Structures are given as structure tokens and as C-alpha cells.
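Close look at the chain arrangement
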Amino acid sequence: MRLPRRVPWKDLGELEQVCGWIYADENDLNAKRLAVNRLAAWKAAVPLPHALESAHALLSVILHDGTSASSSSYLSLRMSYASALIRLVNGLVDPLQLGAYARSINSIAQQLGLPAWFVELRHAATHEDLPSLEVLRDAAREAMSWLLHNYFLPTLNPSTPSSAPAQPLRPLAPLLKEYKALMKATTRDATLRVQYRTEITRATRDIERWIAEAKVASASATGGVGWDDAQEDGDEEDMREKWALDQFADVLIQRGMLVPLSKKKRLSPGQTSLALPRSTLLIWSSLLSDIQALHPTLPLHLVSVITAHLSRPPPTTNAGSGFEGAELIPLSAPTEGPKADPSYDLCLASWAKWLVDNCTKAVADADEAEDLRENAVVRIVSSLGPGATNTGTSKAANTLLEVLSAERPKLATALSILSQGPALTPQAWEENAIDVMDGRLRTLLALSEGTQDPEDAEMGDSTSSSGEVLQLPPGWRKLTERDGWRPAPIGVYVSCA
């Protein structure tokens, strides 16, 4: 869960008032001075968002420019304008250098909808001669207008989308196809590995840069530029990374990527070992390992996308409609629905099995590696196991569960317990349903516990005041006065001495 975001205003009315002071009348310097004073007071109390800090810097220079009549301040004005504009561009672009390999400032600015000449002006003011005062004044006015349409208005009215023309995310499939072609050439002829090493490294870096671009595009996909910095809790993954890896996984499982186009190169539908062909592993295993080294949760996203596909209901047919032999006339244009492809499903199930077995190779810490493997298994069982919707008809899903259960006896026992008896529906609810659920819960809890201490075993069965025996879960015991426990109202301290 993301932490609450601290803002300097007590309500949006204060921010709207500041926005009115800034933009109501361009020539009203007194109103702009009120806005500068309010922003300065906010800045002293709490760190300002980058948009407000940039607005404060630009307004301060505009006020100084409007009140200074001496020509001796000409150079200082140019430097002040240039500094404010450089900080505006850098503050927008630098936090979005999210990948392992640096991206150009211009490409990130295009994704944000920032005018391209702002980047050129920043470069000129930093590395070349300072632009003229007239150019800097025009840039400051356009920057304030950009902040109005991309920060103030979307913040005051969240339903209003940003007016920045965000650049669409470039397709990933061509990058993966280029990488696949290079790897196929090296697998067929090992002597080409040295020759293609540079191209393979470049293709891998292009794919990683695409993930970084997807992180930036995630803000525009959800609406807005994304002014708030990503708040990562210790156990929470960055939402932008989640969105980017989900998009990456969606493309990876398409036909022609992890799953070959030719059915002969996939698994045979009669095969139950879920072993991937060696040629397929040689092509993709190195890429998956490199990406996981930079994004440790990649296996979980791939497993989730694969199980989501395997848990889809099979394509419906007209069989059983009661009109066998009759000619059906469609009332609308027929739509091409997904067709069943057992070899494709089995190949995806094999990749899920491979991810479970090999997802820990890029993780150095043993505990983190085991947690990652357990999370992958949990996601598979949650989507495909007993109780999940739209399951039971996919042979690949059943085969995957059988293979995982064969290697994990506790998982096999738990699945057999959960699959006992038909699933209860609201129409078929019975009075003893709660007792059945309690029995299954106690059995599952017993599987997760090891041996019980002798003292705990003696105290495992407790007797209530009515003489009824209470069966406590394994590992629990009821406290008595012999342990120094005395009944007392909740919140009242009672000394045990």
C-alpha cells in the first residue's frame, strides 16, 4: 500500500487561489507577489512538488524582471531565467532515468510532452552561450503555461486529462524479434558468437531501455505526467515497474516469442514432462536472466500472465444449443474468436515450470530466493488450483499442477484436500458446510506445522466452562492461572507477581 502523500495546502481551495494569483492577469505583479510569498511559506513547511518549486523559481525571476529598471542586471536576469529553466527540465527528466542504461533527455521529454526546444535551450544554457533575454522570457512564459495545463489544472480537477501530447510507447515486438534472430544464428553456428556479441548486447540494452520507457509511459497510461515520486515500501513493488513488467510479459508470451510459431518446435501435446526444447532455452534463457538481474520480480509477472492465459475458459461452440442440423443465420457479422491451441498452452505451462525451477539463480540471498519460488508457486495454484474460476478444462493447466505437486508432497496433500467434494454454491448450501470448511482448515494448518512440543501437546485440548472440549490449532495452548494469567478487562494492566 502506498503511503499517504503530504501536500502543503490544507485543501484544493488554497491551491486554486495560488493558481488564480498566477494566471488570472499576466500583468498583475502584486498578485504574482502574493503567489510567490505563499509558495515560499509552503516551501518552509514541507518540500514542494517539483512543479510548484519550478513555478516559484520562474515567478521570482519574472517579478525581478518586471521591477528592475537598471541595465546592470541584464546578465543576472539571463542567468536567473536560464537557471530556473534548467532546473525545470532536469527535475522532470532526471527522476525518470529508471533503467540500467541512460536514455537521452530528448526521448524522455517527448514522452512527457515537454516542448523539444526546452531541451535545446537547456543544452545551450548549460554548455554553450547563454540565450538572449528575449528568448528566455518567451521560454519562461511558455513554461508557466505548460505547468498550468500539466500540473495545476489536472491537480485541481483530476478528471481533466493532461494536455501534453504524450508520445506513444514504441512496440516491443521488433526488438524481441531482432534479439531472437541474433540468438538463433549463434545457436545454429557457435562460431558466430564472438562476431554477434556486440549486436546481442546492444539488443539486450534496447529491450531494457524499452522497459524504462514503459515506466515513464505508465504515468500517461493512468492519466497525467506523474508528478509524485514513486513511493516504495519495503515489501511493495513500484507501481510503474509493475505496469512495465506486465506489458513486457504480455508481449513475451505471444506466438513467435517464447512460444515458437512452428508447432513442431513446441512440446508435443502428449508430452507430460513439461521440458522445453534445448533450442528454445538457448535463445531466451540468457535474456530472461539479464532482465531478472535488473528486475527481480520478472518471473512473478511472467507466471501471472501465463496462468491468466491458462485459466481462460475454452472457446464456446454451438454444440448443445438445441439446433443441431439446422442452418444458423447470424444476425451480426461473425467475430473471429480465439481458437484452442493445446501445443501453445503446453509450451506456456512448460515456461511456468521452468520459471519456478530457475527463478532463484539471479537472487543471491537464499531466503529471498526461496520466497520468490514460493510466491511463483502460490500464483500458479491460486489461478489454476481448486476453487479458481474457469479451470478444470485446460489440459496444460492440469499437467502443470500435477508436475508441481509431484515435486512438493505438502502441495499435493493440500490440493487433494481442497478438491474433495463438489464446490458449494449459494443454491446448494448445506448446514454442515461450515464444519466441512473448519475440518479442511485444521488439516491444512497441521500440514504447515512441524512437530508439537510435549507441553503444547498436553495443553492442546482445553475444556471450556461448559465442559465442552475445545480443539486448539497445533502449536497453540490455553493459558491458566499456573502460567500467571488472570482475567482482566482489555487494556487494564494486571501484575503477575
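Each chain has its residues counted from 1, following the order in which its sequence is written. Selection of residues for local features in this predicted model requires a pLDDT of at least 70, selection of side-chain atom pairs for listing and counting requires 80 or more, and totals for whole chains, interfaces and linings are taken over all residues. The basis for every side-chain value is the complete set of non-hydrogen atoms in the structure, without hydrogens or water.

With that settled, consider the overall build of the protein chain. Runs of H or I in DSSP of at least four residues are treated as helices and runs of E of at least two as strands, each being numbered from the N terminus. Each helix and strand counted, the protein chain has 18 helices and two strands in total. Burial classes: relative accessible area under 20% of the type maximum marks a residue as buried, over 50% as exposed, and values in between as partly exposed (1.4 Å probe, protein chains only). For the protein chain, buried positions account for 38% of its 497 residues. Computed by Shrake-Rupley with a 1.4 Å probe, the accessible areas treat only the displayed protein chains as cover when residues are assessed. As displayed, the protein chain offers around 28900 Å² of accessible surface, 54% of which is attributable to carbon and sulfur atoms.

Here we take up the environment of Arg 312. Structurally, Arg 312 can be placed in the loop between helix H12 (298–310) and helix H13 (342–358). The class of Arg 312 is exposed, set by a relative accessible area of 54%.

Every helix has an expected span of 1.5 Å times one less than the residues it contains. Here H12 spans 18 Å end to end across 13 residues, near enough to the 18 Å set by a 1.5 Å rise per residue. Counted residue by residue, H12 has eleven buried out of 13 residues, so it is predominantly covered. For H12, every residue scored as buried is listed here: Leu 298, Pro 299, Leu 300, His 301, Leu 302, Val 303, Val 305, Ile 306, Thr 307, His 309 and Leu 310. Any two residues having at least one pair of non-hydrogen atoms within 4.5 Å are treated as being in contact. Contact partners of the buried residues in H12: helix H10 (239–252), helix H11 (278–294), H13, helix H14 (366–384) and helix H15 (395–407).

Put simply, a nonpolar core is a bunch of buried Ala, Val, Leu, Ile, Met, Phe, Trp, Tyr and Cys residues held in one set by side-chain atoms that sit within 4.5 Å of each other. Leu 176, Phe 248 and Trp 284 are the most contacted members of the largest nonpolar core, which has 62 residues in total. Broken down by element, the residue count for this core peaks at ten residues, all from H13. The residues touching Leu 176, leaving out its near neighbours within four places in the chain, are Ile 207, Phe 248, Val 251, Leu 252, Met 257, Trp 284 and Leu 287. Membership of the second largest hydrophobic core comes to 51 residues, among which are Ala 31, Leu 52, Leu 92 and Leu 121.

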